[in-house]
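Structural features, examined
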Protein chains: 2
Amino acid sequence: MTDNKDRYEIIIQKLRDNGHKITPQRLAIVKILAKSEGHPSVEDIYVQIKKDFPTMSLATVYKNILLIKSLGEVLELGFPDGSNRYDGKKPYPHPHVICIKCRKIVEPDLDSLDGMKKEVSLETHFNILYHRLDFFGICSDCRIKER
Amino acid sequence: MTDNKDRYEIIIQKLRDNGHKITPQRLAIVKILAKSEGHPSVEDIYVQIKKDFPTMSLATVYKNILLIKSLGEVLELGFPDGSNRYDGKKPYPHPHVICIKCRKIVEPDLDSLDGMKKEVSLETHFNILYHRLDFFGICSDCRIKER
DNA sequence: ACTCAAATAATAATTTTTATCAATTAACAC
DNA sequence: GTGTTAATTGATAAAAATTATTATTTGAGT
């Protein structure tokens, strides 16, 4: 995952370039966004950092995510149940497949996506700028456990 | 739009069939869900009914939507900005195209949807149960106004 | 090291949704 | 039609999530 290390440095560089201070709290948040395997929530990030940083405040997490979002370096995933999760590894819109049993999230490459975007443009005459594509179902692991 | 009239009666019948009382407040909420042109929010519904029903409570709107949702007769659309909108006309998942200028929502028929679902299943080995597909962009009306 | 604007931490305020509960009322039996 | 009963309503409180406020602290440049 050298890709993730790059993301970490890309985000920090962007913060510097835009004149923001590089604080330890900020570094810790960026590290989790860029390197953690899953799609962490604000609470996830807060709890994890609190271990090494007992004075960490929830507001700091919110403010930093807001900042990094405004730089276009993290993707916010608001789910129908109201929960928000963040992806600092792929900050651009992309499809997600979510297991409704174990909450695992998979990110497929879909060849049919380009064609669908064209179909949408043709049919609606919209200029499509971005999208949000989620599929919900049961993953193979959970199907096996059910037997 | 005889379709929408049908939806109104289908929902009320389902409420009756499941032993729920048909109150004037409930009828008003169902009417908006089934007949209003857009995708109303809880607040929209509340404000609109308050005109004829000054004693209407927000909690009543929430409780009724929860009930109708549990009967599978309304689709809840939670958007990334945290807002929730409801569709009582097509209560099953379907793609939406949203104008980020005027908030207009269009519902296209996409031939490529079935193929994409198959591709998702093949690639991820998930059993796909439902989906949420939103495209965001600028509608042709708003593009014309910009000139 | 010094200065200063920016960031943090703690908390208050706001927003959205859900829970509580006494008063009301729709539906059914008679 | 009238009475009974359990569901529903309405008002408000509570809960949950996010944003705002502000005194204090600190990173970064001089």
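Residues numbered from 1 in each chain as written. Chains lettered and ligands numbered in written order. Predicted model: local features only at pLDDT ≥ 70, side-chain atom pairs only at ≥ 80, totals over all residues. Heavy atoms only, no water.

In terms of regular secondary structure, chain A is built from six helices and five strands. Secondary structure elements of chain A occur, N-terminal to C-terminal, as α-α-α-α-β-β-β-β-α-β-α. A principal-axis box enclosing the C-alpha atoms of chain A has dimensions of 50 × 45 × 30 Å. In chain A, 51% of the contacts between residues at least 6 apart in sequence involve partners at least 24 apart. The centroid of the 24 positive side-chain charges in chain A is displaced by 6 Å from the centroid of its 21 negative side-chain charges. (Helix = DSSP H or I, 4+ residues; strand = E, 2+ residues; numbered from the N terminus. Contact = heavy atoms within 4.5 Å. Lys, Arg positive; Asp, Glu negative; His and termini not counted. Charge placed at Lys NZ, Arg CZ, Asp CG, Glu CD.)

Among the 19 residues in the neighbourhood of DNA strand C, the closest are listed as Thr23, Gln25 and Thr55 of chain A together with Tyr62 and Asn84 of chain B. Looking at DNA strand C alone, sugar and phosphate atoms form 67% of those within 4 Å of the protein. With respect to DNA strand C, the side chain of Thr23 of chain A contributes an N or O atom lying 2.7 Å from a phosphate oxygen. Gln25 of chain A places a side-chain nitrogen or oxygen 2.9 Å from a sugar or linking oxygen of DNA strand C. Breaking the surface near DNA strand C down by element, the ones donating at least two residues are helix H2 (24-35) and helix H4 (58-70) of chain A together with helix H4 (58-70) of chain B. (Near = heavy atom within 4 Å. Polar contact = N/O pair within 3.5 Å; in protein donor to acceptor, adjacent residues only side chain to side chain.)

All right, on to the packing of aromatic side chains then. If you walk through the whole model with that rule in mind, you get two aromatic pairs over all chains. Each ring, one from Tyr130 of chain A and one from Phe136 of chain B, has its centre 4.9 Å from the other, and the planes form 15°; the classification is stacked. You can see Tyr130 of chain A sitting in strand E5 (residues 127-138) and its partner Phe136 of chain B sitting in strand E5 (residues 127-138), one on each of two chains. Here Tyr130 of chain A falls in the partly exposed class, since its relative accessible area comes to 36%. Taking relative accessible area as the criterion, Phe136 of chain B reaches 4% and is therefore assigned buried. One residue, Lys35 of chain B, lies across the ring of Tyr8 of chain B, its end atom 4.7 Å from the ring centre. The ring centre of Phe79 of chain B lies 5.2 Å from the NZ or CZ of Arg132 of chain B, which sits over that ring. (Phe/Tyr/Trp six-rings, centres within 6.5 Å; stacked < 30°, edge-to-face > 60°. Buried < 20%, exposed > 50% of the residue type's maximum accessible area, 1.4 Å probe, protein only. Lys NZ or Arg CZ within 6 Å of the ring centre and 35° of its normal.)

Right, let's get into the relation of the copies chain A and chain B. Least-squares fitting of chain A to chain B yields an RMSD of 0.1 Å, with the transformation described by 0.0 Å of translation along the axis and a rotation of 179°. On this basis, the relationship between the two copies can be described by a two-fold rotation axis. It is Leu133 of chain A whose C-alpha, among those of chain A, lies nearest the rotation axis, at 2.3 Å. (Least-squares fit on C-alpha atoms with pLDDT ≥ 70 in both.)

Okay, the state of the cysteines next. Across all of its chains, the model carries zero disulfides over all chains by this definition. No disulfide involves Cys99 of chain A; its nearest neighbouring cysteine sulfur is the one of Cys102 of chain A, lying 3.7 Å away. Cysteine Cys142 of chain B remains unbridged, with the sulfur of Cys139 of chain B as its closest cysteine sulfur at 3.7 Å. (Disulfide = S-S within 2.5 Å.)

Contact with chain A, which involves 37 residues of that partner, is made by 37 residues of chain B. Area buried by chain A at its contact with chain B is led by Met116, Phe126 and Phe135 of chain A, which between them contribute 20% of it. Inspection of the region where chain A meets chain B yields zero salt bridges. If you look at where chain A meets chain B, you find 16 residue pairs in polar contact (both at pLDDT 80 or more). (Buried area = accessible area lost by both parts, 1.4 Å probe. Salt bridge = Lys/Arg side-chain N within 4 Å of Asp/Glu carboxyl O.)

Residues and elements named next belong to chain A. All told, the structure shown has 16 salt bridges over all chains when counted by the stated rule. Linking Arg7 and Glu73 is a salt bridge whose minimum nitrogen-to-oxygen distance equals 2.8 Å. Of this pair, Arg7 sits in helix H1 (residues 2-17) while Glu73 sits in the loop between H4 and strand E1 (75-78), placing them 66 residues apart in sequence. According to the relative accessible area criterion, Arg7 is buried, its value standing at 11%.

So, about the protein's contact with DNA strand D. Taken together, 19 residues lie near DNA strand D, and Tyr62 and Asn84 of chain A together with Thr23, Arg26 and Lys63 of chain B sit nearest. Sugar plus phosphate: this is where 66% of the atoms of DNA strand D within 4 Å of the protein reside. Separating a base oxygen of DNA strand D from a side-chain N or O atom of Lys21 of chain A is a distance of 3.3 Å. One nitrogen or oxygen atom from the side chain of Thr55 of chain B is found 2.9 Å from a phosphate oxygen belonging to DNA strand D. With four residues, the top contributor of residues to the surface near DNA strand D is H4 of chain B.

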